[in-house]
Amino acid sequence: MTPAPLPRWVDLILLPLLNLSVAFLVAGLVVLAIGEDPLEATRILLYGALGWGEGIGFTLYYATSFIFTGLAVAVAFHAGLFNIGGEGQAYVGGLGVAVVCLALDRYVQWWITAPLAALGGAAFGAAWAFVPAYLQATRGSHVVITTIMFNFIAASLMIWLLVDVLAPPGQMSPESRTFEAGGRLPQLDGLMALIGVDTGSAPVNLSLILALLAAWGVWLLIWRTRLGYEMRTFGANRDAAIYAGVSPLRITVVAMLISGGLAGLMALNPVMGEQHRLLFEFVGGAGFVGIAVALMGRAHPAGVVAAALLFGVLYQGGAELAFEKPAITRDMIVMIQGLVILFAGALEFLFRPALGRLFAGAARREAA
Amino acid sequence: MEALVALLDSTVRLSTPLLLACLAGLYSERSGVFDIGLEGKLLGAAFAAAATASLTGSPWLGALAAVAASCALALVHGVACISARGNQIVSGVAINFLALGLTAVLGHAWFSQGGKTPPLAQEARLGPLELPLSETLAGVPVLGPVWSGLVSGHSVLVYAAFLAAPLTWWVLWRTRFGLRLRAVGENPAAVDTAGLSVAGLRYRAVLVCGLLCGLGGAYLSIAQGAGFVPNMSAGKGFIALAALIFAKWRPMQAMATCLLFGFLDASAIRLQGVELPLIGPAPVQLIQAAPYILTVVLLAGFIGAARPPKAGGAPYLKER
C-alpha cells in the first residue's frame, strides 16, 4: 500500500498548513470552553505581538532563541537523530557564554567578548551533546533517552554551580553577577529604526543577525556540502550510508555536536543580549519549543525561521493576552505548543490519505 | 530506629507514583509502543483527580476521573502511534506539553487560584489505611515500628502499586494475554500471522498504561498531596521512564528500582543543608541527579545491556 504521490506544493505547503489550522482550531475550542471569545483573543494576541514597535521587538527577541533551538533539532533530524536535549544544551551553553563574559567584560569592548562568548556557548552546548552522541554511536544507547536524562543532569549541575560557585558571596538569589558593558550585546533598536519600527526597550539584539546567519549556514551545510549529504543519506537510510562508506560514529557525533552547538548559541540571546547575567532556568522551555519549530518548519532552515517567528508571535502575543484577559494565562502557549507538535509531528499523516484520494481523483478526471 | 523507619516510610511514599508510572510504561513498551508521555499522563490525571474531588467531595470519583483523563491521553497516543503510524517519541513529547499547558489553563480558568485547585478536605482525599494490629503491635520492639510506622498507614494506592508489580509479572509471564502482548512488542508480524490483531493488542496495552498512570496521578494530588499544583509531577514521569530502562523492562526489578530512586529522593530531602563527615555539605543536587546518571551509565552498557523490546518504536504496517 504505497501512499499516492501528492503534488509538491500540497506536500510542502497545504499539508503543514492544514495540520497547523487543526492545532489552532483545537486551541480555539479550549478558549471557547473557558468562556472567552477565540476571535477576540486572536486579535489581542496578534496586536500584542505585531501591532506596535516594542511588541515587534519582543517577538523578534523570542524568535531569535527559537531559531537557534529549532535549527538544533532540525540538524539532528537530517541525520536521523532526535535531540530532545536542546533545553539542557542551551542551559549549559549559557555557562559557556557567562564564563567568557565574566572573564572579559571589565577589560575589553563587547565586540571582542561577543565572538568568544558565542564560541563558548557553542562549545559548552556541543560538549553537553557529546556524551549522548558517543554512547548512541558506540553503545547503541538511544539518544532520545540519554538527552532527556542529560536535561535533568544539566538542571542539577547548573543549580549547584549557580548557588555554590557563581553567585557572588552574600547573595541569596541563584545568579551570577551582572556583566559590565564589555559583556553586553548591542540592541537592534537603531537598525529597526531604519526600517521605521520603534522597538523601544525591547531586548531584540545582535544575536538575531547571528541566528539568521546560522540558518543560512545550516542550509549550506545540509544541501551544499559533502558532510550534509552524508548526514542526509545516513538519516534516510542507515544501511545504505554505511555501505557507501559513511562512518556511523563520525556522522552521529558530528551531527549531535553541531546540534548541541546551535542549542548552546541560543544562550547568547538571553544571557548576553537581555539579562546580562546567568539566571536560574533562563532557558525557560525554549529548547523544547525548538522541537515544535523544527517539526513545523519541516527541518528546513527557511521553515524553521518562519516557525520560530510564529512562536515568537505566540510568546509575545500570549504575554499581552494574559495581561488583557486574566482568564487566559501564558500556559495556553505551552498547550498550543503541544498541539502543534501533535498535529504537525505525530499526526502529520492524518490528512494525507484523504488528500491523496482527492488529488488522485482530480488527476483522473483531468486525464478523462 | 525511628529515623530509619521514617526514612523508609517516605521512601515508600515517594516511590509509589514512580512505580505506578513505571509499570504503566512497562505494558506500553512491552507491546512495542514507546511512551515518553508518562509525565503528561501523570499530570493530567493529577489535575482531573483533584478537580473532581474538590467539586464532588468524593476521592473515589476523583480517582475515576484521573483514570479517565489519563486513558484519554493514552488514546491520543494510541491513535497517533498505532492507527496514524506517527512517530512515537514525537507523540509522547506532544502529550507532555499538552497536559502541562491544558491543566494550568483549565485550573486557572475554573478555580482562579493561579492554576491550583482548592485545598482538599481530609474526606475528599484517599486517606491512610490503618492495617489490623498496628495499635496492638506498636509497643513491640522492631516489629512494632516497622508494622505500624512503615507497613501500615498508607493510602490504598500505595498498596495497589506494590501489588501491581507482582500482578504485572503474573499477567505478562503467566497468561495468554501477557504472552501475546510481549510477542507483539518483539515480532508483530508473527502475531499478525497467527491471526491476532496487532493494533488491538497494542491499544489494550496503551489503555492499561493509561489506567496505571491515572492511579499514579491520583496518588500525587489526592493521596500524597491535598490538591493540584501546576506541574506537580515535576519530572516523576521521566524518572519512571529511567527506572523502566534501569529495570530492563521487568516488573519486579522495576519495583526495586523505583524503591531505590524513591530512597535517593527521600535522602536528598533529608540531607538538605546537612554537614556530612569527610564530605562536607551534602551534595544534594548530585543525589537528585543520581537516577538520571545511573540510567545513562546503565544505557552505556556498564551494568549489563539494556535491551528494549525489539519492535518498539516502529509502527506496524500490515503487508497487502
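Residues numbered from 1 in each chain as written. Chains lettered and ligands numbered in written order. Predicted model: local features only at pLDDT ≥ 70, side-chain atom pairs only at ≥ 80, totals over all residues. Heavy atoms only, no water.

**Quick look at the overall build of chain A**
- Helix and strand counts for chain A stand at 16 helices and zero strands.
- Long-range contacts, defined here as pairs at least 24 residues apart, represent 77% of the contacts in chain A between residues at least 6 apart.
- Carbon and sulfur atoms make up 67% of the accessible area of chain A, which amounts to about 15700 Å² in all.
- Charge centroids of chain A, computed over 19 positive and 21 negative side chains, lie 14 Å from each other. (Helix = DSSP H or I, 4+ residues; strand = E, 2+ residues; numbered from the N terminus. Contact = heavy atoms within 4.5 Å. Areas by Shrake-Rupley, 256 points an atom, 1.4 Å probe, with all protein chains shown as cover. Lys, Arg positive; Asp, Glu negative; His and termini not counted. Charge placed at Lys NZ, Arg CZ, Asp CG, Glu CD.)

**A word on the overall build of chain B**
- In terms of regular secondary structure, chain B is built from 13 helices and four strands.
- Compactness check: chain B gives a C-alpha radius of gyration of 20 Å against a globular reference of 20 Å for 320 residues, within 12% of the reference.
- Taken along its principal axes, the extent of the C-alpha atoms in chain B is 70 × 50 × 40 Å.
- For chain B, the proportion of its 320 residues judged to be buried stands at 56%.
- Carbon together with sulfur atoms contributes 68% to the accessible area of chain B, which is approximately 13000 Å² in total.
- For chain B, the distance from the average site of its 20 positive side-chain charges to the average site of its 13 negative ones is 14 Å. (Rg over C-alpha atoms; globule rule 2.2 N^0.38 Å. Buried < 20%, exposed > 50% of the residue type's maximum accessible area, 1.4 Å probe, protein only.)

**Some remarks on the packing of helix α13 (residues 286–296) of chain A against helix α14 (residues 301–324) of chain A**
All names here are of chain A.
- Closest axis-to-axis distance for the α13/α14 pair is 8 Å, and the angle between their directions is 135°. Viewed along their axes, α13 and α14 adopt a mutual orientation that is oblique. Of the two elements, α13 crosses α14, and the hand of that crossing is right-handed. Across from V289, A292, V293, A294 and M296 in α13, the residues of α14 making contact are V304, A307, A308, L310, F311 and Y315.
- In terms of residue class, the contact of α13 with α14 is made up of 11 nonpolar, no polar and no charged. (Axes fitted to C-alpha atoms, helices over the stretch in contact; angles between N-to-C directions. Parallel < 35°, antiparallel > 145°, perpendicular 65-115°, else oblique. Left-handed = near helix turned anticlockwise from the far one by under 90°. Nonpolar A, V, L, I, M, F, W, Y, C, P; charged D, E, K, R; others polar.)

**Section: a nonpolar patch on the surface**
Residue and element names in this part refer to chain A.
- Among the surface-exposed residues, L191, L194, I195, I209, L213 and W216 lie close enough to one another that they form a single nonpolar patch of about 680 Å² accessible area.
- If you list the elements that add at least two residues to the nonpolar patch, you get α7 (189–194) and α8 (207–224).
- At three residues, α8 tops the list of elements feeding residues into the nonpolar patch.
- Here I195 shows up in the loop between α7 and α8.
- Residue I195 is classed as exposed on the basis of its relative accessible area of 63%. (Patch = residues over 30% accessible without salt bridge, like charges linked within 9 Å, V, L, I, M, F, W, Y side chains within 5 Å. Salt bridge = Lys/Arg side-chain N within 4 Å of Asp/Glu carboxyl O.)

**A word on the UniProt feature "transmembrane region" (unreviewed entry) in chain B**
Residues and elements named next belong to chain B.
- The positions that UniProt labels "transmembrane region" (unreviewed entry) are, in the present scheme, residues 60–82, 89–111, 156–173, 205–222 and 286–306.
- End C-alpha to end C-alpha, residues 60–82 measures 31 Å, and it is 100% helix and 0% strand.
- In residues 156–173, the share of helix is 100% and the share of strand is 0%. The end C-alpha atoms are 26 Å apart. (UniProt positions renumbered as here; feature names shortened; annotations may be inferred.)

**Looking at the environment of A133 of chain A**
Residue and element names in this part refer to chain A.
- With respect to the secondary-structure elements, A133 resides in helix α5 (residues 110–139).
- Linking A133 and T69, residues 64 residues apart in sequence, is a C-alpha distance of 17 Å.
- Non-local contacts of A133, meaning those with residues more than four positions away in its chain, are made with T252, V253 and M256.

**A closer look at the state of the cysteines**
All names here are of chain B.
- Counted under the stated rule, the structure contains zero disulfides over all chains.
- With no disulfide partner, C22 has as its closest neighbouring cysteine sulfur the one in C258, 4.1 Å distant.
- On the basis of relative accessible area, C22 is assigned to the buried category, the value being 0%. (Disulfide = S-S within 2.5 Å.)

**Structural notes on the interface of chain A and chain B**
- Contacts between the two partners involve 38 residues from chain A and, on the opposite side, 39 residues from chain B.
- Of the roughly 3400 Å² buried where chain A meets chain B, counting both sides, 83% is carbon and sulfur surface.
- Inspection of the region where chain A meets chain B yields zero salt bridges.
- For the pair chain A and chain B, the number of links is three residue pairs in polar contact (both at pLDDT 80 or more).
- Mapped onto the side of chain A that touches chain B, the elements with two or more residues apiece are α5, α6 (143–166), α13 and α15 (331–346) of chain A.
- Here the residues of the side of chain A that touches chain B are counted per class, giving 29 nonpolar, seven polar and two charged. (Buried area = accessible area lost by both parts, 1.4 Å probe. Polar contact = N/O pair within 3.5 Å; in protein donor to acceptor, adjacent residues only side chain to side chain.)

**Here we look at the nonpolar core**
- With 190 residues, the main nonpolar core has F66, I84, L278, F311, M332, V340 and I341 of chain A as its most contacted residues.
- V5, L157, A218 and A223 of chain B belong to the second-largest nonpolar core, a separate cluster that totals 17 residues. (Core = buried A, V, L, I, M, F, W, Y, C linked by side-chain atoms within 4.5 Å.)

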